There are 2 protein chains.
Amino acid sequence: MKEKKIYLTEQEIPNSWYNMKADLPKQLPPMIMADTLQPPAIEMLERLFAKPLIEQELSTSRYIEIPEEVKKLYSMYRPSPLIRANFLEEKLGLKSKLYFKNEGVSPSGSHKSNSAIPQAYYNKLIGTKRITTETGAGQWGSALSMACKVFDIECVVYMVKVSYNQKPYRKILMETYGATVYPSPSEHTSAGRAILAKFPDTSGSLAMAISEAIEDTLQDEHSRYALGSVLSHVVLHQTIIGQEAKKQFELINEYPDIVVGCIGGGSSLTGMAFPFVQDKLTKGKDVRIVSVEPKACPKFTRGIYAYDFGDASNMTPLIPMYTLGNGFSPSSIHAGGLRYHGGNAELSLLIKEGIVEAHALGQKEVFAAAVLFAQTEGIIPAPESAHAIAQAIVEAQNADAEGKPKTILFNLTGHGHFDMSAYDNYLSGEMQDIVPTDDEINESLKTIPKAPDISKY
Amino acid sequence: MKEKKIYLTEQEIPNSWYNMKADLPKQLPPMIMADTLQPPAIEMLERLFAKPLIEQELSTSRYIEIPEEVKKLYSMYRPSPLIRANFLEEKLGLKSKLYFKNEGVSPSGSHKSNSAIPQAYYNKLIGTKRITTETGAGQWGSALSMACKVFDIECVVYMVKVSYNQKPYRKILMETYGATVYPSPSEHTSAGRAILAKFPDTSGSLAMAISEAIEDTLQDEHSRYALGSVLSHVVLHQTIIGQEAKKQFELINEYPDIVVGCIGGGSSLTGMAFPFVQDKLTKGKDVRIVSVEPKACPKFTRGIYAYDFGDASNMTPLIPMYTLGNGFSPSSIHAGGLRYHGGNAELSLLIKEGIVEAHALGQKEVFAAAVLFAQTEGIIPAPESAHAIAQAIVEAQNADAEGKPKTILFNLTGHGHFDMSAYDNYLSGEMQDIVPTDDEINESLKTIPKAPDISKY
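Let me begin by describing the structure that accompanies this report.

Rules behind the numbers
Residues numbered from 1 in each chain as written. Chains lettered and ligands numbered in written order. Predicted model: local features only at pLDDT ≥ 70, side-chain atom pairs only at ≥ 80, totals over all residues. Heavy atoms only, no water. Contact = heavy atoms within 4.5 Å. Buried area = accessible area lost by both parts, 1.4 Å probe. Salt bridge = Lys/Arg side-chain N within 4 Å of Asp/Glu carboxyl O. Pairing = 2+ DSSP bridges. Helix = DSSP H or I, 4+ residues; strand = E, 2+ residues; numbered from the N terminus. Axes fitted to C-alpha atoms, helices over the stretch in contact; angles between N-to-C directions. Core = buried A, V, L, I, M, F, W, Y, C linked by side-chain atoms within 4.5 Å. Buried < 20%, exposed > 50% of the residue type's maximum accessible area, 1.4 Å probe, protein only. Least-squares fit on C-alpha atoms with pLDDT ≥ 70 in both. Parallel < 35°, antiparallel > 145°, perpendicular 65-115°, else oblique. Left-handed = near helix turned anticlockwise from the far one by under 90°. Phe/Tyr/Trp six-rings, centres within 6.5 Å; stacked < 30°, edge-to-face > 60°. Lys NZ or Arg CZ within 6 Å of the ring centre and 35° of its normal. Right-handed = clockwise from strand over helix to strand, strands pointing away. 1 Å grid on protein atoms, 1.4 Å probe; cavity = no way out; pocket = protein on both sides within 12 Å on 5 of 7 lines; lining within 4 Å. Points joined across faces, edges and corners; volume = space filled by probe spheres on them. Nonpolar A, V, L, I, M, F, W, Y, C, P; charged D, E, K, R; others polar.

## What about the interface of chain A and chain B?
Point 1. Counting residues at the interface gives 49 residues for chain A and 49 residues for chain B.
Point 2. Around 4,100 Å² of area is buried between chain A and chain B when both sides are counted, 59% of it from carbon and sulfur atoms.
Point 3. At the boundary of chain A with chain B, the tally comes to four salt bridges.
Point 4. Across the salt bridge formed by Glu90(A) and Lys72(B), the nearest N and O atoms sit 3.0 Å from each other.

The structure is reproduced here in structure tokens:
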């Protein structure tokens, strides 16, 4: 009998992170400053990030070694198990096979610890006393709070207001790890005050919270800033997921036909998928890479590929990405981690080139899948992760209907224990699917700045 | 380098549960009816429990085979990892070693699934359509809801009112698994109505909720009742924990000097400890077995060994146990799972005979340990489990102070993701330690019925 859960030993934790930039089919357009149209000065980046993280951000080396101290902390929960969703398969009568990586086993409850730990580690190395960040659903804020506590660094989190209100337990979790948490937009920053003056009833957004966290960092010379997605060094750290998954599939002599992940800023899909994209591009492996985003925030399915700011107050460099415009204001869906207007640059390029597919789902169908998963596999998925479950089920049923059952891998990025109010909303029948109209999206796209044509790069 | 997490394969899930009754140093006094002073009639037991569970309840066989279907469902999360708490050790500068079984990896979040799954399975075998139960902290209710859903059995949970109000997410979790949840005491039963008439402001107790669940079961012939602790068949199922732990210690060529577990009805400690008690009694192993209860509900440290009812309305048989009296009304501590007036019969006998030690802690020192554990090992422990952490730290520090470092094993019975309001209460500095006075306990002991002298058995 095969095991349901496939484990690796801690000795088998990968020694390196995989850098997708080394194998992209085209040169990645560089990040540029809106005023100079040149890459940002190193001094400006160093004011925000620890130097080793900037080096990783700009590196094109294929593999970057994971420090021993980081691997030691990864051993809290890594390698994460690869799990066969056999009970879900049986319930649906599938011939296709469903596997998932359970990143919800991390102490903070999601894959976000994979980057929080090295980010705190490198900041400790350069003597950072305090780290500011933003968080959407709260997964990144929880992970960074925990990592900062381990390295004795103060942590300040700007939490998107809708999540702050929906998820009081997330706030307490971060406080238990010693962090200070503000709802964003807040009165603590001029960015926050300006947004509140203009939109007093806003439910907030990641783009707004990023503006606040950056401004806060710049007020205190011992502070540095940390981001939980979008940037290259973040998705780099996440590639430990896909590398482990490949080893685990080797152990059972299988290989996935389809790899599925949800999309916020990009870390959920890319961490799982990039090592498989590498196989696809460099070894000709026949594997489909499927991204899934909420219909309420459809950057890859309805946005455009362009240079745009990463934040709402236009403090960041311009990032080459799919975007709905930095002024996009997503509805208050429960998958707070997927309410971001743009996406990681490498992933955006791969979608532009047709190497990664883009799909979108409404939150009611997502929660139907989440409840089915909970009632069969037992695990309560985070609303973000439930997008991947729902899409994986769609792929499996399509494959079965074609008479060609597939092996499907998805990333269960986190558990939903702090999202029970979302389940309550679904079970009560009151959940709404709010999808932006074409007019709303066209209006929002106008917030993309005039910048060089990205296709020139 | 040794691994932090010691796993077993699913093939190594034990084939049998271990029955402590086979190796007790004295004959266990039987359960008896208050009116006849004779053991309950089988027909009465069968009205409440599935027959295979009654057979297990009364069995003195040393090992009872685990059905394949149960083992298959156990594979959702079992074997649970044995984890070295090395980060906590380092923080405290300990020479003693701390290990814990992480039962929080179960889908319902605690060890309670170990008994919920077989109880639902055996009920399915006899055709039960509906199971009623009570829950304190909500761990048992969550576990049973999930197990019932898998076997397509309706589940009704009477949840102690204080927990129902403190933990709204627990209720939603059970509803996500398809259960119906009532706060207890409720208006749904005559037992509940009688209690509300007498004590309209009561925060409820497990003993009251048990009365309601039993009465509910008796109203519907297709219903059966399930209990999450106290009874012999429940602690039997939990022994899978300690059996796994012994295998895991064998893998690393170690053996614990001290085994620590918290005490509610008994399942948290016994599941881990009984296989080690077996070694102590039958192989002469030098291992201390340490139970720890809240000072707010001190049955083993301040109660008496006597025949008492398991519920507040005196519907159950008399159980030979340490008890504070079935009318004991514990204060609203956050460890809702430990607010029970009595304890499992086998464990009570072992404590009476001096084979298991009884200790008690206040909830503030327990939460100090919980936060320290969270900030070092990352995991947020359930308030119940945090009692074991706090006692394990005491034992380690005592051993180090004596210059004789020990290997200490404790049972991390569950995570505290649904208990964040308790952490908020602690972090805010508002947490109180409420300990019953001698007068209060003496008053409560008067609710123990007149019954034969237990020492005669």
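Structure shown, so let's carry the discussion forward.
## Brief notes about the sheet that holds strand β6 (residues 130-135) of chain B
Residues and elements named next belong to chain B.
Point 1. If you trace the four strands from one edge of the open sheet to the other, you get β8-β7-β6-β9, paired in parallel fashion. Here the strands that pair on one side only, and so sit at the sheet edges, are β8 (180-184) and β9 (223-225). Pairs of neighbouring strands in the sheet enclose a mean axial angle of 25 degrees, with direction left out of account.
Point 2. Where strand β7 (residues 154-160) and β8 come together, five bridges link them in parallel fashion. Bridge pairing in β8 places Val156 opposite Thr180.
Point 3. Against the sheet, helix α6 (residues 139-150) makes contact with β6 and β7, and its axis sits at roughly 165 degrees relative to β6, the strand it touches most.

## A word on the nonpolar core
Point 1. In terms of nonpolar packing, the biggest core is built from 279 residues, with Phe410(A) and Phe410(B) touching the most fellow members.
Point 2. Apart from the residues lying within four places of it in its own chain, the contact partners of Phe410(B) are Leu98(B), Tyr99(B), Phe100(B), Lys101(B), Val260(B), Met272(B), Phe373(B), Ala388(B), Ile389(B) and Ala392(B).

## Examining the relation of the copies chain A and chain B
Point 1. Each copy superposes on the other: chain A lies on chain B with an RMSD of 0.0 Å after a rotation of 180 degrees and an axial shift of 0.0 Å. The superposition of one copy onto the other is thereby described by a two-fold rotation axis. Measuring from the rotation axis to each C-alpha of chain A, the shortest distance belongs to His417(A), at 3.2 Å.
Point 2. Comparing interface residues between copies, 100% of those in chain A also lie at the interface in chain B; the contact surface is shared.

## A word on the packing of helix α8 (residues 168-176) of chain A against helix α18 (residues 420-427) of chain B
Point 1. Remark: α8(A) packs on α18(B), axes separated minimally by 9 Å, with the N-to-C direction vectors making an angle of 50 degrees. Here α18(B) runs oblique to α8(A), going by the angle between their axes. The hand of the α8(A)/α18(B) crossing is left-handed. Contacts between α8(A) and α18(B) involve Tyr169(A), Ile172(A), Leu173(A), Glu175(A) and Thr176(A) from the first element and Met420(B), Ser421(B), Tyr423(B), Asp424(B) and Leu427(B) from the second.

## Describing the sheet that holds strand β6 (residues 130-135) of chain A
All names here are of chain A.
Point 1. Spatially, four strands are ordered β8-β7-β6-β9 in an open sheet, and the strand pairing comes out parallel. The open sheet is flanked by β8 (180-184) and β9 (223-226), the only strands paired with a single partner. Within this sheet the neighbouring strands show an average axis-to-axis angle of 25 degrees, counted without direction.
Point 2. Pairing between β6 and β9: four bridges, direction parallel. Note on β9: the bridge partner recorded for Thr132 is Tyr225.
Point 3. Against the sheet, helix α6 (residues 139-150) makes contact with β6, β7 (154-160) and β9, and its axis sits at roughly 165 degrees relative to β6, the strand it touches most.

## Things to note about the pattern of salt bridges
Point 1. Following the criterion strictly, the structure yields 44 salt bridges over all chains and no others.
Point 2. Arg130(A) is paired through a salt bridge with Asp216(A); the nearest N and O atoms lie 2.9 Å apart. Residue Arg130(A) is located in strand β6, and its partner Asp216(A) is located in helix α10 (residues 206-218); the two are separated by 86 residues in the primary sequence. You'll find Arg130(A) and Asp216(A) in the same group, each marked buried.
Point 3. Residue Arg130(B) is joined to Asp220(B) by a salt bridge in which the shortest nitrogen-to-oxygen separation is 3.9 Å.

## Re the packing of aromatic side chains
Point 1. Summed over the entire model, instances satisfying the criterion amount to 32 aromatic pairs over all chains.
Point 2. Their ring planes at 25 degrees and their centres at 3.8 Å tell us that Tyr7(A) and Tyr7(B) sit as a pair that is stacked. Taken together, the residues Tyr7(A) in the loop between β1 (5-6) and β2 (16-18) and Tyr7(B) in the loop between β1 (5-6) and β2 (16-18) connect one chain to another.
Point 3. Classification of Tyr7(A) by relative accessible area gives partly exposed; the value is 22%.
Point 4. Among the aromatic side chains, those forming a connected cluster through ring pairs are Phe100(A), Phe373(A) and Phe410(A).
Point 5. The ring of Tyr255(A) is capped by Lys285(A), whose NZ or CZ atom sits 4.1 Å from the centre of that ring.

## Some points on the pairing of β7(B)
Residues and elements named next belong to chain B.
Point 1. Burial analysis of β7 places six of its seven residues in the buried class, which makes it a mostly covered element.
Point 2. Both β6 and β7 contribute to a ladder of six bridges, which runs parallel. Following the sheet pairing, Glu134 is matched in β7 by Tyr158.
Point 3. Handedness of the β6-α6-β7 crossover: right-handed.

## As for the layout of surface pockets
Point 1. In this model, the largest pocket occupies a volume close to 810 Å³.
Point 2. If you trace the largest pocket, you find 36 residues lining it, with Glu3(A), Lys5(A), Leu8(B), Thr9(B) and Glu10(B) closest to the centre.
Point 3. For the lining of the largest pocket, the secondary structure elements donating two or more residues are β1 of chain A together with β1 and α3 (68-74) of chain B.
Point 4. Counting residues per element, the lining of the largest pocket draws most heavily on α3(B), at three residues.
Point 5. Looking at the lining of the largest pocket residue by residue, the classes come out as 15 nonpolar, six polar and 15 charged.
Point 6. Put simply, the second largest pocket is a space of about 580 Å³.
Point 7. For the lining of the second largest pocket, the secondary-structure elements that each account for two or more residues are α9 (190-198) and α19 (438-445) of chain B.
Point 8. Element by element, the count of residues in the lining of the second largest pocket is highest for α9(B), at four residues.

So yeah, pure geometry; function would need other evidence.
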